[in-house]
Amino acid sequence: FVSGPTNLSTDNQGARALSYNPEHHSRTKHVARRHFFVRDMVESFELEVPFVRTDDNIADFFTKPLQGKKFHAMRRVIMNEQ
């Protein structure tokens with residue numbers, strides 16, 4: 001059993017801001033309210049959306065081509081190697 005909100009880390013500051021700000025802005029007014037699931041989860045304290053720097057974003061290992069040095073560093077983190 002996990003107590004407290006789950007972290008949904010992101011390296012996109014705009015997406016993070018949108019998940020915490022309940023106001024509609026001119027650039028998001030076309031998005032229907034039903035699409036704000038993450039914001040609803042944040043408001044109900046089921047999710048937190050912390051910012052993670054792109055250089056520290058482990059998800060990049062699975063989604064982007066990486067240069068050798070960065071690939072090996074992230075692989076060590078994922079494999080829990082020192």
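Everything below is about the structure shown above.
Everything quoted here is computed from the prediction, not taken from an experiment.

Turning next to the side chain of Thr10. Here Thr10 lies in the loop between strand 1 (6-7) and helix 1 (13-20). Within the structure, the side chain of Thr10 is placed 3.1 Å from the backbone nitrogen of Asn12, a separation counted as a polar contact. Those residues within four positions of Thr10 in sequence are excluded, and the remaining contacts are Arg16, Val49, Pro50, Phe51 and Val52.

So, on to unusual backbone geometry. A positive phi angle, near 60 degrees, is found at Phe45, a position not held by glycine. Locating Phe45 in the fold gives a position in the loop between helix 2 (37-43) and strand 2 (47-48).

So, on to the side chain of Asp60. Here Asp60 shows up in helix 3 (residues 60-63). Look past the residues within four positions of Asp60 in its chain and what remains in contact with it is Asp11, Thr54, Leu66, Lys70 and Met74.

We now examine the packing of aromatic side chains. In this structure the tally under the stated criterion is two aromatic pairs. On the basis of an interplanar angle of 80 degrees and a centroid distance of 5.2 Å, the ring pair of Phe61 and Phe62 is categorised as edge-to-face. A residue is classified by how much of its surface remains accessible, and Phe62, at 63% relative accessible area, is exposed. Between the aromatic rings of Phe61 and Phe71, the centroid separation amounts to 5.1 Å while the plane-to-plane angle is 20 degrees, which identifies the pairing as stacked. Here the residue Phe61 occupies a position in helix 3, and Phe71 occupies one in helix 4 (residues 68-78), the gap between them amounting to 10 residues. For Phe71, a relative accessible area of 30% corresponds to the partly exposed category. Through pairs of rings, three or more aromatic residues link up here, namely Phe61, Phe62 and Phe71.

With that settled, the discussion passes to a nonpolar patch on the surface. Together, Leu8, Phe37 and Val38 make up a nonpolar patch on the protein surface, roughly 260 Å² of accessible area in all. By the secondary structure assignment, Phe37 is in helix 2.

Conventions we followed
- Residues numbered from 1 in each chain as written.
- Predicted model: local features only at pLDDT ≥ 70, side-chain atom pairs only at ≥ 80, totals over all residues.
- Heavy atoms only, no water.
- Helix = DSSP H or I, 4+ residues; strand = E, 2+ residues; numbered from the N terminus.
- Polar contact = N/O pair within 3.5 Å; in protein donor to acceptor, adjacent residues only side chain to side chain.
- Contact = heavy atoms within 4.5 Å.
- Phe/Tyr/Trp six-rings, centres within 6.5 Å; stacked < 30°, edge-to-face > 60°.
- Buried < 20%, exposed > 50% of the residue type's maximum accessible area, 1.4 Å probe, protein only.
- Patch = residues over 30% accessible without salt bridge, like charges linked within 9 Å, V, L, I, M, F, W, Y side chains within 5 Å.
- Areas by Shrake-Rupley, 256 points an atom, 1.4 Å probe, with all protein chains shown as cover.
- Salt bridge = Lys/Arg side-chain N within 4 Å of Asp/Glu carboxyl O.

Purely spatial values, then, with no claim about function.
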